[in-house]
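# Breakdown of the fold
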Amino acid sequence: MRLARPRWSGTLAVKAAVFITVMCCALAALLGVLVHVSVTHQTVGEARDLALSRLEDATRAFEAGDTLGFGAEVDPPGLPAALHRLAVAGERGTMVAEHRGRPTMWAAGPADGERALAVAVDYRQSARTIEALDNAILWSSVLAIGATLLVGAFAVTRVTRRLHATARVARRISAGDLDARVDDPRTKDPTRPQDEVAVVAVALDSMASSLQGKLLSEQRFTADVAHELRTPLTGLHAAAELLPPGRPTELVRDRVAALRTLTEDLLEISRLDTGRERLELDTESLEAVVRRVVRAAAGSPGATPGATPGIGTGADTEVRVVRDALVETDRRRLERVLGNLVANARLHGRAPVVLTVNGPVVTVRDHGDGYPEYLTAHGPQRFRTEGGAKGHGLGLTIAAGQAEVLGARLTFANASDGGAVATLTLPHTPPAGVSPRAGTTSSTGDGLPDGAA
């Protein structure tokens, strides 16, 4: 099984630090080896020349029968065996070896017969010189690598900070904040050379400005068209009411009503797109709001004005209360969200439609084929439907927009055993000293228990 690498290992700063460290270590090792070999060769060469020079003097003294100089001796006990064999064979050579606990440079040559004349030169100073050089190379390499890492980390961190700022702006734009801009100060001066990060920042700002302009133009066009359609539709509706009773009249009135609903939905979406909606907050019992929505969807007398009309009757709708909650919200907008979810469940799903209240969470579930894949992955999209479904995709789009205005979270999913599930999570802020009614209730039919208000 392949082990997963930690998330931080993929960051640019870590990769740059690893690259700088590896390159510094490689360079330090290469320079250290070159300097070590050069100085060692020079130091050993000087010690070897000194030992051979003394061996030459000792050889002349031995041949003349004079006293050998200091350090010269025939077949000394500490002479390395390999060097002794070389000298007996008639060759001269040198070797560094331990003698009496200290490093010694030996030089040996032939004497008479099977004996070797050897000279021992103290090699401690040369060894200390090489050791000191190696330590100096090691510590200087460590300091150089540390300094390079600090400078490199500072430089890379400046770049990564700018990249992270650009990424944050990109995420804000993708979340709908089209006013977000990077505004990299390096892009303000056109005479200043621009690096790659500045080029990306300029491109992102330019893209955001272009996208914002196009969206604003589309929003204005949608709002203008919907607004201009209201006047002729009002006249058309009045004219349809004057037609004599009959099947053709019913068809005309039905199409006029559908066109008016579409126009009002477009106007509402255009208002939501502007982001200037204002809340009228009040403390509401979530169970009471849900029951009003179900009653309005059933078309019963006393239905709340402004709630979305339902499809069919309320006999196929069930309300389950696990735990009621008091929420501070805009009742009209909340009823609009829930009404659209119920209408969508009835129109595109199958009975029963179940609304469940569990604290500040309301779920609306049907038992149909479920939401299409694009909707669960990316949310509702206006004027997009799949699988031959009727509608314009505006109901769920409005529900998602109004939920965002309320500060609520609306998610769409499919149940494992079939059916679509919409979950609305509201901010739960009950006023001090007031407790919502708890308990488990279940009601069917129009969603109202006996005696409910």
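Predicted model, so just to flag it, every value in this text is computed and none were measured. (Residues numbered from 1 in each chain as written. Predicted model: local features only at pLDDT ≥ 70, side-chain atom pairs only at ≥ 80, totals over all residues. Heavy atoms only, no water.)

Attention now moves to the overall build of the chain. Helix and strand content of the chain: nine helices and 12 strands. Counting all 453 residues of the chain, 35% fall into the buried class. Taking the contacts inside the chain whose residues are at least 6 apart along the sequence as the reference set, 66% of them involve residues at least 24 apart. Approximately 26700 Å² of the chain is accessible, and the part contributed by carbon and sulfur atoms is 58%. (Helix = DSSP H or I, 4+ residues; strand = E, 2+ residues; numbered from the N terminus. Buried < 20%, exposed > 50% of the residue type's maximum accessible area, 1.4 Å probe, protein only. Contact = heavy atoms within 4.5 Å. Areas by Shrake-Rupley, 256 points an atom, 1.4 Å probe, with all protein chains shown as cover.)

Okay, the packing of helix α6 (residues 286-297) against helix α7 (residues 331-348) next. It is at 9 Å that the axes of α6 and α7 come closest, and there the two elements cross at 50°. Judged on the interaxial angle alone, α7 and α6 are oblique. Relative to α7, α6 is oriented so that their crossing is right-handed. Between α6 and α7, the residues in contact are Leu286, Val289, Val290, Arg292, Val293 and Ala297 and Arg331, Leu334, Glu335, Leu338, Gly339, Val342 and Arg346, respectively. Counted by class, the contact of α6 with α7 contains eight nonpolar, one polar and four charged residues. (Axes fitted to C-alpha atoms, helices over the stretch in contact; angles between N-to-C directions. Parallel < 35°, antiparallel > 145°, perpendicular 65-115°, else oblique. Left-handed = near helix turned anticlockwise from the far one by under 90°. Nonpolar A, V, L, I, M, F, W, Y, C, P; charged D, E, K, R; others polar.)

Let us look at unusual backbone geometry. Cis peptide bonds are those with omega within 30 degrees of zero, and the linkage from Ala351 to Pro352 qualifies with -5°. Its identity as a non-glycine residue notwithstanding, Asp183 has a phi of 55°, on the positive side. The residue Asp183 is located in the loop between α3 (124-174) and α4 (196-241) in this model.

Here we take up the sheet that holds strand β4 (residues 116-122). Strand order in the open sheet formed by four strands is β1-β4-β3-β2, and the pairing between neighbours is antiparallel. For this open sheet the edge positions go to β1 (72-74) and β2 (93-99), each flanked by a neighbour on one side alone. Averaged over all pairs of adjacent strands, the angle between their axes in this sheet comes to 30°, without regard to strand direction. Across seven bridges, the pairing between β2 and strand β3 (residues 102-110) is antiparallel. Note on β3: the bridge partner recorded for Gly93 is Ala108. (Pairing = 2+ DSSP bridges.)

Tallying each qualifying case throughout the model produces one cavity of 30 Å³ or more. Elements with a minimum of two residues in the lining of the largest cavity: α7, β9 (361-365) and β11 (420-425). Among the elements that line the lining of the largest cavity, the one with the most residues is α7, at three residues. Residue classes in the lining of the largest cavity are distributed as six nonpolar, one polar and two charged. (1 Å grid on protein atoms, 1.4 Å probe; cavity = no way out; pocket = protein on both sides within 12 Å on 5 of 7 lines; lining within 4 Å. Points joined across faces, edges and corners; volume = space filled by probe spheres on them.)

Our focus in this paragraph is the packing of α3 against α4. Running from N to C, α3 and α4 cross one another at 15°; their axes reach a closest spacing of 10 Å. Put simply, α3 runs roughly parallel to α4. Crossing hand, α3 versus α4: left-handed. Where α3 abuts α4, its residues Val159, Arg162, Leu163, Thr166, Val169, Ala170 and Ile173 lie against Val197, Ala198, Val200, Ala201, Leu204 and Ala208. Along the lines of polarity and charge, the residues of the contact of α3 with α4 split into 11 nonpolar, one polar and one charged.

Once that is clear, we can look at the side chain of Glu335. Topologically, Glu335 is positioned in helix α7. Judged by relative accessible area, Glu335 falls into the buried class, the value being 3%.

So, on to the packing of aromatic side chains. The tally for this structure, following the rule as stated, stands at one aromatic pair. Ring plane angle 90° and centroid distance 5.4 Å describe the contact between Tyr371 and Phe412, whose orientation is recorded as edge-to-face. Residue Tyr371 is located in the loop between β9 and α8 (373-378), and its partner Phe412 is located in strand β10 (residues 409-414); the two are separated by 41 residues in the primary sequence. When its relative accessible area of 11% is taken as the criterion, Tyr371 is described as buried. (Phe/Tyr/Trp six-rings, centres within 6.5 Å; stacked < 30°, edge-to-face > 60°.)

On to the confidence of the model for the chain, then. Residues of the chain with pLDDT of at least 70 account for 84%, and the chain-wide mean is 79. The secondary structure element of the chain with the lowest average pLDDT is strand β12 (residues 438-443), at 43, and the one with the highest is β9, at 93. Across residues 300-314, confidence stays below pLDDT 50; counting only partners more than four residues off in sequence or on other chains, it has 27 contacts. (pLDDT = per-residue confidence, 0-100.)

All right, on to the pairing of β11 then. Relative to β11, β9 is paired through five bridges, and the arrangement is antiparallel. Of the residues in β11, the one forming a bridge with Val364 is Ala422. Of the pairings in the sheet, the one linking β10 to β11 comprises six bridges and is antiparallel in character. Bridging from a neighbouring strand, Ala413 pairs with Val421 of β11. Linking two consecutive strands that pair antiparallel, namely β10 and β11, is a turn of five residues; a positive phi of about 105° is found at Gly418 within it.

Attention now goes to the pairing of β4. Within β4, five of the seven residues are buried, which leaves the element mostly enclosed by the surrounding structure. Relative to β4, β1 runs antiparallel, the two sharing three bridges. Paired with Val74 across the two strands is Leu117, which belongs to β4. Inspection of the sheet shows β3 paired to β4 by seven bridges, in the antiparallel sense. Bridging from a neighbouring strand, Met105 pairs with Val121 of β4. Two successive antiparallel strands, β3 and β4, enclose a turn made up of five residues, where Gly113 displays a positive phi of approximately 70°.

For the rest of this paragraph, the subject is the state of the cysteines. Taken as a whole and assessed by the stated rule, the structure comprises zero disulfides. Between Cys24, a free cysteine, and Cys25, which holds the nearest cysteine sulfur, the sulfur-to-sulfur gap is 7.0 Å. Looking at Cys24, the relative accessible area reads 16%, which means it is buried. (Disulfide = S-S within 2.5 Å.)

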